[in-house]
Amino acid sequence: MDQNLFNEVMYLLDELSQDTSVPKNVRKVAQDSKTKLNHENESLDLRCATVLSALDEMANDPNVPAHGRTDLYTIISKLEALSKS
């Protein structure tokens with residue numbers, strides 16, 4: 001696992017969870033994703049896949065503003081790279 005990439009993903013999720021300009025459900029998913037990624041009793045691939053699914057669902061929500069969607073896609077791409085490392 002690339003620890004720097006993992007830390008970057010956690011930081012981006014933290015920033016998104018505190019961004020009051022995105023809907024509350026997006027902030028909740030970001031917070032839940034951080035919790036899910038920290039469960040070390042599951043494999044990294046499984047944790048990444050679960051979080052990717054939740055974030056992808058949020059990115060397709062029409063109520064998410066453009067900058068929030070961009071943040072979600074950034075996190076998704078970094079998570080995909082993390083799951084391959």
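As the structure is a prediction and not an experimental result, all values here were calculated from the model.

Next up on the list: helix 1 (residues 3-17). The end-to-end C-alpha distance of helix 1 is 21 Å, a good match for the 21 Å that 15 residues give at a rise of 1.5 Å each. Among the residues of helix 1, Leu 5, Phe 6, Val 9, Met 10, Leu 13, Leu 16 and Ser 17 are the ones counted as buried. Take helix 1 and look down its axis: the buried residues cluster within an arc of 140°, on one side only. The inward-facing, buried residues of helix 1 contact helix 2 (24-37), helix 3 (44-59) and helix 4 (66-84). The opening residue of helix 1 is Asp 2, an N-cap whose side-chain oxygen sits 3.2 Å from the backbone nitrogen of Asn 4.

What follows covers the packing of helix 1 against helix 4. Close contact between helix 1 and helix 4 brings their axes to 10 Å; oriented N to C, the two are set at 160°. In terms of their interaxial angle, helix 1 and helix 4 are classed as roughly antiparallel. With respect to the hand of their crossing, helix 1 and helix 4 are arranged in left-handed fashion. Here Leu 5, Phe 6, Glu 8, Val 9, Leu 12, Leu 13 and Leu 16 of helix 1 come into contact with helix 4, specifically with Asp 71, Leu 72, Thr 74, Ile 75, Lys 78, Leu 79, Ala 81 and Leu 82. Per-class residue counts for the contact of helix 1 with helix 4 are eleven nonpolar, one polar and three charged.

Right, let's get into the side chain of Asp 19. Mapped onto the elements, Asp 19 comes out in the loop between helix 1 and helix 2. For Asp 19, which is buried and forms no salt bridge, the nearest opposite charge comes from Arg 27, at a distance of 6.7 Å. Polar contacts involving the side chain of Asp 19 include one to the side chain of Ser 21, which spans 2.6 Å. The contact partners of Asp 19, leaving out residues within four places of it in the chain, are Arg 27, His 67 and Asp 71.

In terms of nonpolar packing, the biggest core is built from 24 residues, with Leu 37, Leu 55, Leu 72 and Leu 79 touching the most fellow members. Among the secondary structure elements, those contributing two or more residues to this core are helix 1, helix 2, helix 3 and helix 4. Considering each element in turn, this core owes the most residues, seven residues, to helix 3. Filtering out sequence-adjacent residues up to four positions away, Leu 79 remains in contact with Val 9, Leu 37, Cys 48, Val 51, Leu 52 and Leu 55.

Another aspect to go through is the packing of helix 3 against helix 4. Relative placement of two packed helices is described by the angle separating their axes and the distance separating the axes. Where helix 3 contacts helix 4, the axes come no closer than 10 Å and their chain directions differ by 160°. Between helix 3 and helix 4, the angle is such that the two are roughly antiparallel. Two packed elements cross with a definite hand, and for helix 3 against helix 4 that hand is left-handed. Contacts from Leu 44, Asp 45, Cys 48, Val 51, Leu 52, Leu 55, Asp 56, Met 58 and Ala 59 in helix 3 reach Arg 69, Leu 72, Tyr 73, Ile 75, Ile 76, Leu 79, Glu 80, Leu 82 and Ser 83 in helix 4.

Thresholds, definitions, all that
- Residues numbered from 1 in each chain as written.
- Predicted model: local features only at pLDDT ≥ 70, side-chain atom pairs only at ≥ 80, totals over all residues.
- Heavy atoms only, no water.
- Helix = DSSP H or I, 4+ residues; strand = E, 2+ residues; numbered from the N terminus.
- Expected span 1.5 Å × (residues − 1).
- Buried < 20%, exposed > 50% of the residue type's maximum accessible area, 1.4 Å probe, protein only.
- Arc of directions from axis to C-beta.
- Contact = heavy atoms within 4.5 Å.
- Polar contact = N/O pair within 3.5 Å; in protein donor to acceptor, adjacent residues only side chain to side chain.
- Axes fitted to C-alpha atoms, helices over the stretch in contact; angles between N-to-C directions.
- Parallel < 35°, antiparallel > 145°, perpendicular 65-115°, else oblique.
- Left-handed = near helix turned anticlockwise from the far one by under 90°.
- Nonpolar A, V, L, I, M, F, W, Y, C, P; charged D, E, K, R; others polar.
- Lys, Arg positive; Asp, Glu negative; His and termini not counted.
- Salt bridge = Lys/Arg side-chain N within 4 Å of Asp/Glu carboxyl O.
- Core = buried A, V, L, I, M, F, W, Y, C linked by side-chain atoms within 4.5 Å.

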